[in-house]
Amino acid sequence: ELPPSEFMQVADSTWLVLSVVSNGREAPGCQATGVTKIARSVIAPLAEHHVSVLMLSTYQTDFVLVRERDLPVVIHTLAGEFDIYKEESGECVPVTSDDVSNGFLKPKPSASPTLHPVQSPQTRFCVLTVAPDTLPAIATMLIDVLFYSHSPPWDAATGSQDLDSITFFSFSLIEGYISIVMDAETQKRFPSDLLLTSSTGELWRMVRIGGQPLGFDECGIVAQIAEPLAAADISAYYISTFNFDHALVPEEGIAEVIQLLQQRQESGR
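Identification of the chain as Cytosolic arginine sensor for mTORC1 subunit 1 from Illadopsis cleaveri is taken from an unreviewed UniProt entry. The Subcellular location (unreviewed entry) field of the UniProt record for the chain holds the comment "Cytoplasm, Cytosol".

> Help me out: how do you make sense of the environment of Thr123 in this one?
Assignment of secondary structure puts Thr123 in the loop between strand 6 (118-119) and strand 7 (124-128). Taking C-alpha positions, Thr123 is 6.6 Å from Ile166, a pair spaced 43 residues apart along the chain. Not counting residues within four places of it along the chain, the set of residues in contact with Thr123 comprises Asp164, Ser165, Ile166, Asp183, Trp204 and Arg205.

> Before we go on, may I ask you to explain the packing of aromatic side chains in this structure?
Pairs of aromatic rings are described using the distance from one ring centre to the other and the angle between the two planes. For the structure on display, the rule yields five aromatic pairs. On the basis of an interplanar angle of 70° and a centroid distance of 6.5 Å, the ring pair of Phe147 and Tyr148 is categorised as edge-to-face. Judged by relative accessible area, which is 60%, Phe147 ranks as exposed. Following the ring pairs from residue to residue traces out a cluster consisting of Trp15, Phe216 and Phe242. Directly above the ring of Phe244 sits Arg208, whose terminal nitrogen or CZ lies 3.9 Å from the centroid.

> Even after reading the chapter, I still don't get a nonpolar patch on the surface, so can you show me in this structure?
A cluster of nonpolar side chains, namely Ile143, Leu146, Phe147, Tyr148, Phe171 and Leu173, defines an oily patch on the protein surface of about 660 Å² accessible area. Secondary-structure elements contributing two or more residues to the nonpolar patch are helix 3 (135-147) and strand 10 (170-174). Considering each element in turn, the nonpolar patch owes the most residues, three residues, to helix 3. Here Leu173 shows up in strand 10.

> What's the story with the pairing of strand 12 (residues 204-209) in this structure? I'm lost.
Side-chain positions along a regular strand alternate between the two faces of the sheet. In terms of burial, strand 12 is a largely internal element, six of the six residues being buried. Burial of strand 12 is two-sided: the residues Trp204, Met206 and Arg208 facing one way and the residues Arg205, Val207 and Ile209 facing the other way are all buried. In this sheet, strand 12 lies alongside strand 6 in antiparallel orientation, the contact comprising two bridges. Bridging from a neighbouring strand, Val118 pairs with Ile209 of strand 12.

Basis of the calculations
Residues numbered from 1 in each chain as written. Predicted model: local features only at pLDDT ≥ 70, side-chain atom pairs only at ≥ 80, totals over all residues. Heavy atoms only, no water. UniProt positions renumbered as here; feature names shortened; annotations may be inferred. Helix = DSSP H or I, 4+ residues; strand = E, 2+ residues; numbered from the N terminus. Contact = heavy atoms within 4.5 Å. Phe/Tyr/Trp six-rings, centres within 6.5 Å; stacked < 30°, edge-to-face > 60°. Buried < 20%, exposed > 50% of the residue type's maximum accessible area, 1.4 Å probe, protein only. Lys NZ or Arg CZ within 6 Å of the ring centre and 35° of its normal. Patch = residues over 30% accessible without salt bridge, like charges linked within 9 Å, V, L, I, M, F, W, Y side chains within 5 Å. Areas by Shrake-Rupley, 256 points an atom, 1.4 Å probe, with all protein chains shown as cover. Salt bridge = Lys/Arg side-chain N within 4 Å of Asp/Glu carboxyl O. Pairing = 2+ DSSP bridges.

What follows is the structure in structure tokens.
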């Protein structure tokens, strides 16, 4: 319904949303949450089969977006580890590999993925939710933050952004559930009694992947971050955007995270 505009870019592919629902078979002792919880079982296998993904972590759960044309490969890749269902008219219907065998394409031989640089701004972030019925009370402030308050520190001459203090605000509304990521200074502008966060009130630091816009055809970017963090049992939220990927990790663990990712890059050269 959006009118065509020279200012709006639209990716060519149509994407499907996958959500992973726990059925009690998680590995014992695994405490990590977010993308690292599904790194070994979903993210790494899809990367090995050259499936490009977009990742969206929210306050409530995580979603993996795959291109519609890749669905046969996705199902063949994950069917051994998961019971897979598709939604039809509001009902969950089982899917098997046989259902998509006609469209299955044998994966190309695996190639070494590009290891992108990672950058960590000093900004501290909060991961929040609000009750839907309280949203009108903060709607005006949300609009101000989204459209009027920030002038992104973008250097047109160099085509780069000053990452000492990154401008980042994420708002998602999925099936009635609201998830917000905002920096700690912006959070102070909102009524504290309407913003719900974890009982620990933890703050998060960001790792941004890539020095230039990433595109949608490359595989293994999420795995580059998720696998080493999963091995170290470190939680991470992961948000893919049109241009870049962003991982949020606990503030107290940022030094360890940077070290792990640097070691991963050095070992992959």
